[in-house]
Amino acid sequence: MQSKKEQKKIGREKLQRIIEICMAIENRTRDPFLLNVDDVISVVKEYFPQWQEADDLNLDSEAIHHLASVIKLQSEWVKHRSTSLYTDPFLLEEKIMQRCKEEMLEVFTGAWHPLVELEQLSLHSLAEAMRYWDGLLPLKERWLELAVSEVALGLASREELIQQRILGEKVFSDELECNWRDLKEKVKEKGVGGKMFYWDFIGADTYEETVQRAFLTSFLITYGYATLEIHPLEEEVFIKPFEMPNTKICTQQSISIPIAVTYENWQRWTRGELL
Amino acid sequence: MKKKKGVYASKMKRATHMLFYRRHQKPGVKGWELHKALGVDYPKVLDILDEYLKSLDLQVKTVFEEEITPAKKPSIEELDKARFYITLRGELTPKESKMIGWRIDDLAGLGVAISYIISKKGQAPRKDVENLLGQKLPGWKVSLNIDRYIRYGYLQQDDNDQLYLDWRTRAEVDERELINLLLNAETKKSQAKSSNATEEDTKVDEPENE
């Protein structure tokens, strides 16, 4: 008769193995149908009543999560096979191998419709460029040497650096967390459907504070604490906080979304003209 | 009536400017940009432009978001999210493709890579594609070529060295047609072979008959 401790150990090992197999399938190194979903579910069910610690429950939910991904892959596989695009990869590989370069070229050009695009200067863009050139200050005026007076070397204290706004009062991560909590509260109060207008969140009484909030908000989005929802046609930008930081965002290919936080835009927001 | 015609003519011009000249890093225009510039009837303007371009062997190509082409007539929301391009309507001859800066090896390699990835449900390990191309191309060229396909937007690669089809393939290549051509080319070839063989058989038979 196995002790409870031993049973738990075996259960953990089984769940670990399930997760490993599922991950191998997700990485496409194994056929999704190699996994018997019913067997896996019965294993998960068998050990579930024994889990009490958070780590074990985490392992259990991780196994279920990966199992769901494998089921999704199985359904995609079935869907793909039922489309007319499905061709046996081995058959296709064989066909490709039989083709010489010329034949392959002929096949490809039969299905290839290259894009047409032009790059050309217009009179308008030339005139724009000339206007820019006229307004551009010469380098010697732009890069004037700063007249810096000589001072004796000394040490600056943290308070002095904070006073000169070189350092912030709080650690950056604390400030970020604080901003995230603020966003979640505001969305609860004023938001609709778990989101609120971007400008309503970053907008503050002073322009300086607005810029500071926009700066912090950009990090909230980059680090996966929140996301933006953009309706380009209506020119509306919403911000949506996540309940938990989405760490996967940092590993995905991201895009930059420029939002101009200019003084004019801030004034428009205070007048209620900007969302 | 005349006024309406004039409005559509000017909208068509505006659509031509937007579609032919590159406005962003990637070519093509998003539906919502056309919606904003041309108004809610922009699909009709694009239809007229497409009809006009037919005689020039060009077309307005629509690529829907997440590669899912709606089964029914697409809604305005679906069109707003789609991307529009101008592409060649017909086909280039192999000779013409050389004239637009592609070497025969590179283009054939691209065809092989795309069809292989399609056959693997849109995802294949880079190593497998390299092995396949390496059977007919020199090793040093294989990796360079794949990098080039990625740079041009035909393929994309993730952190696990898996290759996928990218935006340019979706805009330029008729995937179904490519697979059909690849499979049919074999049939045609074997048909040609068998008809040649029959002819030869007849030729052999002829003297005997004489």
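Conventions we followed
Residues numbered from 1 in each chain as written. Chains lettered and ligands numbered in written order. Predicted model: local features only at pLDDT ≥ 70, side-chain atom pairs only at ≥ 80, totals over all residues. Helix = DSSP H or I, 4+ residues; strand = E, 2+ residues; numbered from the N terminus. Buried ≥ 20, exposed ≤ 12 C-beta atoms within 10 Å, placed from the backbone. Contact = placed C-beta atoms within 7 Å. Nonpolar A, V, L, I, M, F, W, Y, C, P; charged D, E, K, R; others polar. Pairing = 2+ DSSP bridges. Axes fitted to C-alpha atoms, helices over the stretch in contact; angles between N-to-C directions. Core = buried A, V, L, I, M, F, W, Y, C linked by C-beta atoms within 7 Å. Expected span 1.5 Å × (residues − 1). Arc of directions from axis to C-beta. Parallel < 35°, antiparallel > 145°, perpendicular 65-115°, else oblique. Left-handed = near helix turned anticlockwise from the far one by under 90°.

1. A few points about the overall build of chain A
Within chain A one finds 12 helices and 3 strands. Scored against the burial criterion, the 275 residues of chain A give a buried share of 15%. Considering only contacts within chain A whose residues lie at least 6 apart along the sequence, 57% involve residues at least 24 apart.

2. Observations regarding unusual backbone geometry
With a phi close to 55°, glutamate 235 of chain A is a non-glycine residue in the positive phi region. By the element assignment, glutamate 235 of chain A lies in the loop between strand E2 (226-231) and strand E3 (236-241). Positive phi, normally seen in glycine, also occurs at aspartate 57 of chain B, with a value near 60°. Looking at the element boundaries, aspartate 57 of chain B is found in the loop between helix H3 (42-54) and strand E2 (58-63). Judged by the 11 C-beta atoms lying within 10 Å of it, aspartate 57 of chain B falls in the exposed class.

3. Notes on the interface of chain B and chain A
Opposite the 52 residues of chain B that make contact, chain A presents 33 residues. Contributions of two or more residues to the side of chain B that touches chain A are made by helix H2 (31-38), strand E3 (83-88), helix H5 (94-99), helix H6 (104-119), helix H9 (167-172) and helix H10 (175-209) of chain B. Ranked by the residues each element gives to the side of chain B that touches chain A, the list is headed by H6 of chain B, at 11 residues. Here the residues of the side of chain B that touches chain A sort into 26 nonpolar, 11 polar and 15 charged.

4. Digging into the sheet that holds strand E1 (residues 196-197) of chain A
Residue and element names in this part refer to chain A. On the basis of which strands lie adjacent, the open sheet formed by 3 strands has the order E1-E3-E2 and antiparallel pairing. Every interior strand has two partners, whereas the edge strands, E1 and E2, have only one. Along the sheet face, helix H9 (residues 172-190) touches E1, E2 and E3 and points at about 115° away from the line of E3.

5. So, the nonpolar core
Grouped together as the largest cluster of nonpolar side chains are 30 residues, with contacts concentrated most on Phe108 of chain A together with Ala113, Ile114 and Leu178 of chain B. No other element matches H6 of chain B, which puts 8 residues into this core. Discounting residues that sit within four places of it in the chain, isoleucine 114 of chain B has contacts with Tyr154, Leu165, Thr169, Val173 and Leu178 of chain B. Grouped together as the second largest cluster of nonpolar side chains are 17 residues, Val29, Leu49, Phe84 and Ala171 of chain B included.

6. Observations concerning H9 of chain A
Residues and elements named next belong to chain A. The terminal C-alpha atoms of H9 lie 26 Å apart, and with 19 residues this matches the ideal 27 Å at 1.5 Å per residue to within 8%. Listing the buried residues of H9 in full gives Asn179, Trp180, Leu183 and Val187. What you see down the axis of H9 is that its buried residues fit within an arc of 105°, all on one side. Among the exposed residues of H9, those pointing more than 90 degrees away from its buried face are Asp174, Cys178, Arg181, Glu185, Lys188 and Glu189.

7. Observations concerning the sheet that holds E3 of chain B
Residues and elements named next belong to chain B. Strand order in this open sheet of 3 strands is E1-E3-E2, and the pairing throughout is antiparallel. Edge positions in the sheet fall to strand E1 (29-30) and E2, since each of these pairs with one other strand and no more. By the bridge criterion, 2 bridges tie E1 to E3 in an arrangement that is antiparallel. In the strand pairing of E3, valine 29 is matched with phenylalanine 84. Running at roughly 140° to E2, H3 makes contact with E2 and E3 of the sheet.

8. Considering the packing of helix H7 (residues 126-134) of chain B against helix H8 (residues 139-152) of chain B
All names here are of chain B. It is the contact of H7 with H8, at a shortest axis distance of 9 Å, that shows an interaxial angle of 130°. For the element pair H7 / H8, the angle class is oblique. Seen from above, H7 lies across H8 with right-handed handedness. Residues Arg126, Val129, Glu130, Leu133 and Gly134 of H7 touch H8, and the partners they reach there are Gly139, Val142, Ser143, Asn145 and Ile146. Taken together, the residues of the contact of H7 with H8 break down into 4 nonpolar, 4 polar and 2 charged.

Keep in mind these numbers describe shape, not what the thing actually does.
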